[in-house]
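Chain residues, written in single-letter form:
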Amino acid sequence: MSDPALLALNLAEARAGLARKAFSARELATTYNDAVAEAKPLNAYITPTPERALAMADAADQRLVRGEALPLDGIPIAVKDLFCTKEVLTTAGSHILEGFHPPYESTVTDKLWRAGAVMLGKANLDEFAMGSSSTTSWYGPVENPWRRPGDNRPLVAGGSSGGSAAAVAAHAALAATGTDTGGSIRQPASFCGIVGLKPTYGRCSRWGVVAFASSLDHPGPIGRTVRDVAIMLGAMAGHDPKDSTSAPVPVTDFEKALTGDIRGLRVGIPKEYRVDEMPREIEALWQRGVEWLRLAGAEPVDISLPMTKYALPTYYIIALAEASSNLARYDGVRFGLRVEGDGLEEMYELTRAAGFGAEVRRRVLIGTYVLSAGYYDAYYLKAQRVRALIARDFAATFEQVDCILTPTAPSAAFTIGEKTDDPIAMYLNDVFTVPANLAGVPAISIPAGLSDDGLPLGLQITGRAFDEETVLRVAGILENAASFRHLPSFLAGAGG
Amino acid sequence: MIEGRTREWETVIGLEVHAQVISKAKLFSGAATDFGAEPNTEVSPVDAGFPGMLPVLNRFCVEQAVKTGLGLSAEINLNSVFERKNYFYPDLPAGYQISQYQQPLVGYGRVSLDMPDGTTREIGVTRLHLEQDAGKSLHDQHPTLTHLDLNRAGVALMEIVSEPDLRSAEEAGIYLRKLRSILRYLDTCDGNMEEGSLRCDCNVSVRRPGEPLGTRCEIKNLNSIRYVMQAIEYEARRQIEILEEGGRVEQQTRLFDSGRGITRPMRSKEEPHDYRYFPDPDLLPLVLDPAWVERLRGELPERPDAKKARFVSDYGLSDDDAGVLVAEKETALYFERVAQRRDPKVAANWVMGDLFGVLNRLGVGLDQSPVAAEQLGAMIDLIADGTISGRLAKDVFAEMVASGADAAAIVEAKGLRQVTDATVIEAAIDAVFAAQADKVAEFRAGRDKLYGFFVGQIMRATQGKANPALVNQLLNKKLAG
Amino acid sequence: MALDKATVAHIAALARIRLSEAELEPLTNELSRILSWVEQLNEVDTTGVVPMASAAAASLPMRDDAVSDGGCRDAILGNAPRAARGFFTVPKVVE
């Protein structure tokens, strides 16, 4: 099988190919290693691990030969560099974790390796997962494999899981892990024309994932199709006693949820998501989505989520407060960068000033401020109350409908450098994704169409807590209906 | 009250005690808690604040804290919250300590102090909460570097805060001793101040009686009860002197310099800490099952106050003696074993007198006593049944300490059986009278003082084994003629 | 809420991040803008609403009191910028 054809197989297809012995895990890994190298201009990877990938592929081959295949045996994936991988450089995209080789493996990646998956490398991201462009990494920005036709300017891959999304979209990984705190799986998936799922809070363990905002961080899968993402979720999910916020909920066979039947399902269309300056093309795509679901037998229902507009400021107060505390451990004492100065206090201050990028610094300062004496009630406690109202909105809504359909992002991918000077403009990228993080409910983005300038646009399905099955099923319908077959300008193996 | 130059001053003291919880593993991680291990060998990546690490609460530590709360007759809060206390210090790896702030596990309680004058004083306990201990910074290993050992980081601590009800250094000492005793009774903390498993910070202020509370200073770095008392004495006088000269007491944190017996301000310029407390988002609120709490209440061992009352009522001991015997759980246990089916006062005297004397001399605790409770009891039986005299028992006891043998064996081996044969004693008396005829005459003439001389002679003649009561009886008879 | 430079300097000190004088002004403006933006939450009536601390599904789980970790000094010290004889080392703290 020639390279581009092999690379073009999605996860489910590759899994079948391995089972059929159409090719070996080693061949697959070798091809993907080459793809990773080829995709270097995208800067989707910080640390490729080709040797490790081959060793893992060989182990998978042995099991495949014996007929004892594990669920993901031989499947090459990218790991967002926020997941601690034992003895493999883990940076969180930050200078402050320079040289950090964790002596432990995150629960989620450990589960993936035990399922037989193969590690291609650590994917680039926004520093400490803080961003929606993947341009704040110490290791340089990620480029979206998509470009506007006839326009040479590199575009953002979205963030913070931009490296993961770009790799998958560029066929330089079959699937990837990401984390979603305010939209960081769904928005890059939307910008890169692929599928990204933020599961229910607590579905996937946070143990070993570098923490950004503990009550909002959701590890989750990124893949090319809804089925691929369902398969990945099955391997990544599960209760972890080492994570006190991990949900004691059994893992079902998420693939089985893809029945293709949504007759009688009620789909909510929230009026508050029709924001000012909503691009006409996104509004049109959203309408098309409604039609697709109606044709499949679902019942669209107009709903109201009144607290929607307050979700972003609520998110930013809570996330930044938690982050300011979570990032206090980066102090030059026990791991990572240390900048010596005149005494201990200088060491702290210089290390953190040199180690944190501008966005991280902004967020840590605001987080520190909103928790500081005199402001806790006005900001943090207030935000937690509004959060309760947002969750209440969803709970009430899910008594009327089974899922909610909205666009994923208010725009397609923008040019690298555009918008990044204005923090608030950047924060607005997350306006449709953030509410699901606050309420902890599952949400998925699937590529549904192209913008006027030829870039992918995503539609988002949000569901009840722990009802990933419905979310995946509806997404599967949308995926079929949308029939999104467009490919990015850069594709590994395509020689361009 | 302290006499100042111009007026009387009242000292107001509140104590904040940090008690290390007895448990195998730490409060939020599975690392061990043993004292004295090689540096950084009892550290989990969770304790070391590594990226991605998360806390998981140790159920037994919660149990220990609840038991302690019950032992302090305190309210147990079925709903409590763990909060992060954020500050930077090298021995605090995550840059925050997981503690409890607005909703602690245990609420208001009290400790009864047995004052020297026989009265009882109740000292309020404001709260008790669970928190992580920090690691250890060693500043003396190197001229320019501080060395960090994180073994202690994450060990469970109970912070026990007293109301500012204490009024003197002496009271503070009694309170600490009582608190330590309760903790040791409950086996929730070993109370060892030298090893740092019990630490005390004190808040001291002074005021003229009847006036509102004065500005207080916090004194840290106190690792013995003696130092606590010395620090309070010094600090109170320091503040009084300032106020009497018309100055103001500055609120500050001070350290106790045990070498010079003074308190001094901390050298680093200290900003008031802004700890930015907020509920730890890696944990959920702690909700306790009331039935579980009640079960713990039922399983509590008898505490010092109750035990003391029982010793007084059941054994007829004095308040003071009972107090001494119940101060340590092990002592009370030893005493009760000795006192079983014996005269409790005799048992108490032997335990508090001779046994304690021996333990002090040997410099060991009761757990290393050369004489077991059963052995002491058996010896007391030999006195009670007349086998040996009380006087000779002292010698027997000394031999038991030296050799570890039982009393009965020693009495046989050394032929120390008491002589109770009247004939033998009469013969001895006759022999003494024969040898000391002139003294007999003197006695009969009125020199009563010679009585003791005759007793001594008779005892010598019988190698001290004559039964004293019988000697008196027969001697009196013979002297009378 | 408009922050002043002194406040920002104080926050930076609390967060142990060194800021140069040149950075202070633009950062103050940025932070002020962001804080003003989040203050729109004041429009929301939250009387009587219990703050939502977490989206987690369960009550706080607890672990057994067993030694299951630690005893891995090399792993703990392996990433240390400076270590000596089994200790982490940092510039000396004066007390």
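About the thresholds
- Residues numbered from 1 in each chain as written.
- Chains lettered and ligands numbered in written order.
- Predicted model: local features only at pLDDT ≥ 70, side-chain atom pairs only at ≥ 80, totals over all residues.
- Heavy atoms only, no water.
- Helix = DSSP H or I, 4+ residues; strand = E, 2+ residues; numbered from the N terminus.
- Rg over C-alpha atoms; globule rule 2.2 N^0.38 Å.
- Buried < 20%, exposed > 50% of the residue type's maximum accessible area, 1.4 Å probe, protein only.
- Contact = heavy atoms within 4.5 Å.
- Areas by Shrake-Rupley, 256 points an atom, 1.4 Å probe, with all protein chains shown as cover.
- Lys, Arg positive; Asp, Glu negative; His and termini not counted.
- Charge placed at Lys NZ, Arg CZ, Asp CG, Glu CD.
- Salt bridge = Lys/Arg side-chain N within 4 Å of Asp/Glu carboxyl O.
- Pairing = 2+ DSSP bridges.
- Axes fitted to C-alpha atoms, helices over the stretch in contact; angles between N-to-C directions.
- Buried area = accessible area lost by both parts, 1.4 Å probe.
- Polar contact = N/O pair within 3.5 Å; in protein donor to acceptor, adjacent residues only side chain to side chain.
- Nonpolar A, V, L, I, M, F, W, Y, C, P; charged D, E, K, R; others polar.
- Domains from an automatic or database assignment.
- Parallel < 35°, antiparallel > 145°, perpendicular 65-115°, else oblique.
- Left-handed = near helix turned anticlockwise from the far one by under 90°.
- Phe/Tyr/Trp six-rings, centres within 6.5 Å; stacked < 30°, edge-to-face > 60°.
- Lys NZ or Arg CZ within 6 Å of the ring centre and 35° of its normal.

**Quick notes on the overall build of chain C**
Line of reasoning, step 1. In terms of regular secondary structure, chain C is built from 3 helices and 3 strands.
Line of reasoning, step 2. Reading chain C from its N end, one meets helices and strands in the order α-α-β-α-β-β.
Line of reasoning, step 3. Over its C-alpha trace chain C gives a radius of gyration of 22 Å, far above what one expects of a compact globule, namely 12 Å for 95 residues.
Line of reasoning, step 4. When its C-alpha atoms are laid out on the principal axes, chain C stretches across 55 × 45 × 25 Å.
Line of reasoning, step 5. Evaluated residue by residue, chain C yields a buried proportion of 43% over its 95 residues.
Line of reasoning, step 6. A fraction of 32% describes how many contacts in chain C between residues 6 or more apart in sequence connect residues 24 or more apart.
Line of reasoning, step 7. For chain C, the exposed surface amounts to about 4,700 Å²; the carbon and sulfur share of it is 51%.
Line of reasoning, step 8. Distance from the positive charge centre (9 side chains) to the negative charge centre (13 side chains) of chain C: 15 Å.

**What to know about the pattern of salt bridges**
All names here are of chain B.
Line of reasoning, step 1. Scanning all chains against the criterion turns up 72 salt bridges over all chains.
Line of reasoning, step 2. The partner of Lys329 in a salt bridge is Asp187, with the nearest N and O atoms 3.1 Å apart. Of this pair, Lys329 sits in helix 7 (residues 329-339) while Asp187 sits in the loop between helix 2 (169-186) and strand 12 (198-207), placing them 142 residues apart in sequence.
Line of reasoning, step 3. According to the relative accessible area criterion, Asp187 is partly exposed, its value standing at 44%.
Line of reasoning, step 4. Across the salt bridge formed by Arg295 and Glu299, the nearest N and O atoms sit 2.8 Å from each other. Taken together, the residues Arg295 and Glu299, both in helix 4 (residues 290-299) and 4 residues apart, mark about one turn of the helix.
Line of reasoning, step 5. Exposure remark for Arg295: the relative accessible area of 42% places this residue in the partly exposed category.
Line of reasoning, step 6. For Glu299, a relative accessible area of 48% corresponds to the partly exposed category.

**Some words on the sheet that holds strand 3 (residues 118-123) of chain A**
Within a beta sheet, neighbouring strands are joined by backbone hydrogen bonds and run either parallel or antiparallel to one another.
Residue and element names in this part refer to chain A.
Line of reasoning, step 1. Spatially, 11 strands are ordered 1-3-2-4-6-5-10-11-9-7-8 in an open sheet, and the strand pairing comes out mixed. Each of the sheet's edge strands pairs with one partner strand only, and the pair in question is strand 1 (45-48) and strand 8 (299-303). Adjacent strand axes in the sheet meet at a mean angle of 30°, parallel and antiparallel pairs treated alike.
Line of reasoning, step 2. As judged from the 7 bridges shared by strand 10 (residues 443-450) and strand 11 (residues 456-463), these two strands associate in the antiparallel manner. Looking at strand 11, one finds that Ile446 is bridged to Leu459.
Line of reasoning, step 3. Those strands touched by helix 8 (residues 226-236) are strand 2 (76-80), strand 4 (175-180), strand 5 (195-198), strand 6 (218-223) and strand 10, and its axis lies near 145° from that of strand 6.
Line of reasoning, step 4. Strand contacts of helix 16 (residues 468-482): strand 5, strand 9 (403-407), strand 10 and strand 11, with the helix running at about 5° to strand 10, the strand carrying the most contacts.

**Overview of the environment of Leu450 of chain A**
Residue and element names in this part refer to chain A.
Line of reasoning, step 1. Assignment of secondary structure puts Leu450 in strand 10.
Line of reasoning, step 2. What makes Leu450 partly exposed here is its relative accessible area of 30%.
Line of reasoning, step 3. With 276 residues separating them in the primary sequence, Leu450 and Leu174 have C-alpha atoms 22 Å apart.
Line of reasoning, step 4. Here Leu450 is in contact with Trp146, Leu455, Pro456, Leu457, Phe484 and His486, once residues within four sequence places are set aside.

**Describing the interface of chain A and chain C**
Line of reasoning, step 1. Between chain A and chain C, the residue contacts involve 67 residues of the former and 51 residues of the latter.
Line of reasoning, step 2. Buried surface at the junction of chain A and chain C, summed over both partners, amounts to about 5,100 Å²; 69% is from carbon and sulfur atoms.
Line of reasoning, step 3. For Asp422 of chain A, the salt bridge is made with Arg33 of chain C, and the minimal N-O distance between the two is 3.3 Å.
Line of reasoning, step 4. There are 18 residue pairs in polar contact (both at pLDDT 80 or more) connecting chain A and chain C.
Line of reasoning, step 5. Sort the elements by how many residues they give to the side of chain A that touches chain C and helix 13 (residues 377-400) of chain A lands first, with 12 residues.

**Considering the interface of chain C and chain B**
Line of reasoning, step 1. On the side of chain B, 52 residues touch chain C, which itself brings 39 residues to the contact.
Line of reasoning, step 2. Here chain C is connected to chain B by 1 salt bridge.
Line of reasoning, step 3. Between Arg59 of chain B and Asp64 of chain C there is a salt bridge, with its nearest N and O atoms 2.8 Å apart.
Line of reasoning, step 4. Summed over the shared surface of chain C and chain B, the number is 19 residue pairs in polar contact (both at pLDDT 80 or more).
Line of reasoning, step 5. For the side of chain C that touches chain B, the secondary structure elements donating two or more residues are helix 1 (5-14), strand 1 (62-63), helix 3 (73-77) and strand 3 (87-91) of chain C.
Line of reasoning, step 6. The element best represented in the side of chain C that touches chain B is strand 3 of chain C, accounting for 5 residues.
Line of reasoning, step 7. The residue inventory of the side of chain C that touches chain B, partitioned by class, reads 20 nonpolar, 9 polar and 10 charged.

**Structural notes on the domain arrangement of chain B**
Residue and element names in this part refer to chain B.
Line of reasoning, step 1. Splitting chain B by domain gives domain 1 (2-294), domain 2 (309-409) and domain 3 (422-480).
Line of reasoning, step 2. Computed over C-alpha atoms, the centres of domain 1 and domain 2 are 37 Å apart.
Line of reasoning, step 3. Domain 1 puts 4 residues into the contact, and the matching count from domain 2 is 6 residues.
Line of reasoning, step 4. Across the interface of domain 1 and domain 2, roughly 460 Å² is buried in total on both sides, 30% from carbon and sulfur atoms.
Line of reasoning, step 5. If you sort the residues of domain 1 by the area they bury against domain 2, Ser181, Arg184 and Tyr185 come out on top, with a joint share of 84%.
Line of reasoning, step 6. Joining domain 1 to domain 2, the criterion identifies 3 salt bridges.
Line of reasoning, step 7. The tally of links from domain 1 across to domain 2 stands at 5 residue pairs in polar contact (both at pLDDT 80 or more).
Line of reasoning, step 8. Of the residues belonging to the side of domain 1 that touches domain 2, the class tally is 1 nonpolar, 1 polar and 2 charged.

**Let's talk about the packing of helix 12 (residues 422-435) of chain B against helix 15 (residues 468-480) of chain B**
All names here are of chain B.
Line of reasoning, step 1. In the contact formed by helix 12 and helix 15, the axes pass within 10 Å of each other and the chain directions differ by 50°. One element, helix 12, and the other, helix 15, form an angle in the oblique class. For the element pair helix 12 and helix 15, the recorded crossing hand is right-handed. Every residue of helix 15 that contacts helix 12 at Ala422, Ile425, Glu426, Ile429, Asp430 and Phe433 is listed here: Leu470, Val471, Leu474, Leu475, Lys477, Lys478 and Leu479.

**Examining the environment of Pro164 of chain B**
Residues and elements named next belong to chain B.
Line of reasoning, step 1. Checked against the element boundaries, Pro164 lands in the loop between strand 11 (156-162) and helix 2.
Line of reasoning, step 2. Of the residues examined, Pro164 reaches a relative accessible area of 36% and is grouped as partly exposed.
Line of reasoning, step 3. Sequence separation of Pro164 and Leu286 is 122 residues, and the distance between their C-alpha atoms is 29 Å.

**Digging into the sheet that holds strand 3 of chain C**
Line of reasoning, step 1. With respect to topology, 4 strands assemble into an open sheet ordered 9(B)-10(B)-3(C)-2(C), the strand pairing being antiparallel. Edge positions in the open sheet fall to strand 9 (136-138) of chain B together with strand 2 (83-84) of chain C, since each of these has one partner strand only.
Line of reasoning, step 2. Here strand 9 of chain B runs beside strand 10 (residues 145-149) of chain B; their pairing, made up of 3 bridges, is antiparallel. Note on strand 10 of chain B: the bridge partner recorded for Leu138 of chain B is His147 of chain B.

**Here we look at the packing of aromatic side chains**
Line of reasoning, step 1. Scanning the model with the defined rule gives 34 aromatic pairs over all chains in all.
Line of reasoning, step 2. Measuring from ring centre to ring centre gives 4.9 Å for Phe128 of chain A and Tyr330 of chain A, while their planes differ by 55°; the resulting arrangement is tilted. Taken together, the residues Phe128 of chain A in the loop between strand 3 and helix 6 (162-169) and Tyr330 of chain A in the loop between helix 10 (311-326) and helix 11 (344-355) connect sequence positions 202 residues apart. Tyr330 of chain A shares its class with Phe128 of chain A; the two are buried.
Line of reasoning, step 3. Aromatic rings pair up to connect Phe100, Tyr104, Phe128, Trp207, Tyr330, Phe335 and Phe356 of chain A together with Phe50 of chain B into one cluster.
Line of reasoning, step 4. If you follow Lys394 of chain B out to its NZ or CZ, it ends over the ring of Trp350 of chain B, 5.0 Å from the centre.

**Things to note about the packing of helix 1 (residues 59-71) of chain B against helix 2 of chain B**
Residues and elements named next belong to chain B.
Line of reasoning, step 1. Where helix 1 contacts helix 2, the two axes come as close as 10 Å, and the packing angle between them is 130°. Here helix 1 is positioned oblique relative to helix 2, judged by the angle of their axes. As for how helix 1 packs across helix 2, the hand of that crossing is right-handed. Note on element contacts: helix 2 touches helix 1 through Ile182, Leu183 and Leu186, opposite Lys67, Thr68 and Gly71.
Line of reasoning, step 2. Within the contact of helix 1 with helix 2, the residues separate by chemical class into 3 nonpolar, 2 polar and 1 charged.

**Some points on the pairing of strand 4 of chain A**
Residue and element names in this part refer to chain A.
Line of reasoning, step 1. Strand 4 sits mainly inside the fold: 6 of its 6 residues count as buried.
Line of reasoning, step 2. Burial along strand 4 is two-sided: Ala175, Thr177 and Thr179 and Ala176, Gly178 and Asp180, pointing in opposite directions, are all buried.
Line of reasoning, step 3. Relative to strand 4, strand 2 runs parallel, the two sharing 3 bridges. In the sheet register, Ala78 faces strand 4, and the bridge partner there is Ala176.
Line of reasoning, step 4. Bridging between strand 4 and strand 6 involves 6 bridges; their strand directions are antiparallel.

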